[in-house]
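One-letter residues, chain by chain:
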Amino acid sequence: MNSIKTIEHKGIVKEADKDKLIISIITNSSCASCEAKGSCSASEIEEKEIEVRKFNDVYKVGEQVFVFFKESLGFRALLLGYLLPFIVLMTILIIATLFGLDEGTSGLLALGSLVPYYTIIFFLNKKIKKTFSFSIRKIHTDQILKNAELNF
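Attention in this report is confined to the structure presented alongside it. (Residues numbered from 1 in each chain as written. Predicted model: local features only at pLDDT ≥ 70, side-chain atom pairs only at ≥ 80, totals over all residues. Heavy atoms only, no water.)

### Comments concerning the overall build of the protein
Our working definition: Secondary structure elements follow DSSP: runs of H or I no shorter than four residues count as helices, runs of E no shorter than two count as strands, and numbering proceeds from the N terminus. Throughout, exposure labels follow a simple rule: accessible area from a 1.4 Å probe, protein chains only, divided by the maximum for the residue type, with under 20% read as buried, over 50% as exposed, and the rest as partly exposed. In this description, contact between two residues means that some pair of their heavy atoms is separated by no more than 4.5 Å.
Within the protein one finds 5 helices and 5 strands. The helix and strand sequence of the protein, counted from the amino end, reads β-β-β-β-α-α-α-α-β-α. In the protein, which comprises 152 residues, the proportion classed as buried is 20%. Taking the intrachain contacts of the protein between residues at least 6 apart in sequence as the baseline, contacts between residues at least 24 apart amount to 69%.

### Re the side chain of E63
If you trace the backbone, E63 turns up in the loop between strand 3 (45-52) and strand 4 (64-70). Apart from the residues lying within four places of it in its own chain, the contact partners of E63 are G11, I12, V13, V58 and K138.

### Observations regarding the packing of aromatic side chains
The criterion, for reference: Two aromatic rings from Phe, Tyr or Trp, using only the six-membered ring of Trp, form a pair when their centres are within 6.5 Å; if the ring planes differ by under 30 degrees the pair is stacked, by over 60 it is edge-to-face, and anything between is tilted.
Scanning the model with the defined rule gives 2 aromatic pairs in all. Here the aromatic rings of Y117 and Y118 are separated by 5.1 Å at their centres, their planes lie at 85°, and the arrangement is edge-to-face. Residue classification places Y117 among the buried positions, given a relative accessible area of 13%. We classify Y118 as partly exposed; its relative accessible area is 41%.

Structure follows, in structure tokens:
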């Protein structure tokens, strides 16, 4: 059987209409659950909003849900957001240096080469949104009760 690995977060429906949902999720750093977080300034808790466009059920504002994303798409996002820009930057930097430009000019040219890259990403925004879509499912009441019992 083919099992697809997913990245999953619990969230709350913040906005709901017939075409899209805005889900609020709370992300925290790995140290946010530490017992010493009160005396440590390194703990971070951040609220993020995720837009979900394809859903089958009816959702209400304030309802708890699971938002999930295929793990393979997470790797593709890392490729587009970090690896490819790094390769473009380093390639231009090396080529400019090989052509005899000084380091400052080579560095500025390499940084400037990211403008066309991100411009292309901007114009492909609709296609990228279709590729990187989140899915959603309701948290059933028995799951909420089970989690509440585990917290006591």
